[in-house]
Amino acid sequence: MKLACQLNDILPGTGVCALLEGRQIALFRPSAAAEVFAIDNRDPFFAANVLSRGIVGEHEGELWVASPLKKQHFRLRDGHCLENAAMSVQSYPVEVRDQQVWVTV
C-alpha cells in the first residue's frame, strides 16, 4: 500500500488526484465520513486525466463520478462505466488509517 494523502486533503463530496507509482489515481470522498474510493484518473473516452475533477453523485444506491468532459458516469466502487462497460476504468483498494489514505496500486 502507498500513502496517497491525508483524509482532510479530500473535501467531502469531491475528488483529488494522487500520483502513485507513475499512475494518476483519482481519490473520492463522497461524504464527511472516512470512506474513500480510488479509480484511474484517465477518462478513457478522451484520454485525458480529468476524472478527479468530476461531479460525485449517487443514483439507486450507487456512488459514481461524472467525467467533466462529456459526463459519462463511472461507478466509484469498481470503475464500471454506466454508459459503456467496455470503457470502464481500474479501481483500487483503499484504507483510511489514522486520517491517512492508503491505496494499493
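Structure shown above.
Residues numbered from 1 in each chain as written. Predicted model: local features only at pLDDT ≥ 70, side-chain atom pairs only at ≥ 80, totals over all residues. Heavy atoms only, no water.

## Focus on the packing of aromatic side chains
Here is step 1: Overall, the coordinates contain one aromatic pair when judged by the stated rule.
Here is step 2: Over the face of the ring belonging to tryptophan 102 we find arginine 97, whose NZ or CZ atom lies 4.7 Å from the ring centre. (Phe/Tyr/Trp six-rings, centres within 6.5 Å; stacked < 30°, edge-to-face > 60°. Lys NZ or Arg CZ within 6 Å of the ring centre and 35° of its normal.)

## Details of the nonpolar core
Here is step 1: Ranked by internal contacts, the top residues of the largest apolar core, which has 13 residues, are Ala4, Leu27, Val101 and Val103.
Here is step 2: Where this core is concerned, the elements lending two or more residues are β1 (2–6), β2 (14–20), β3 (23–29) and β12 (100–103).
Here is step 3: Sequence-distant contacts of alanine 4, that is, excluding residues within four places in its chain, are made with Ala18, Leu20, Leu27, Val101 and Val103.
Here is step 4: Counting residues in each nonpolar core, the second largest holds 11 residues, with Ala26, Leu51, Val56 and Val65 among its members. (Core = buried A, V, L, I, M, F, W, Y, C linked by side-chain atoms within 4.5 Å. Buried < 20%, exposed > 50% of the residue type's maximum accessible area, 1.4 Å probe, protein only. Helix = DSSP H or I, 4+ residues; strand = E, 2+ residues; numbered from the N terminus. Contact = heavy atoms within 4.5 Å.)

## Focus: the state of the cysteines
Here is step 1: Tallied over the entire structure, the rule returns zero disulfides.
Here is step 2: Considering cysteine sulfurs only, cysteine 5 is the nearest to cysteine 17, which forms no disulfide, with 10 Å between them.
Here is step 3: Classification of cysteine 17 as partly exposed rests on a relative accessible area of 37%.
Here is step 4: Cysteine 81 takes part in no disulfide bond, and the closest cysteine sulfur, belonging to cysteine 17, lies 19 Å away.
Here is step 5: Judged by its relative accessible area of 0%, cysteine 81 falls in the buried class. (Disulfide = S-S within 2.5 Å.)

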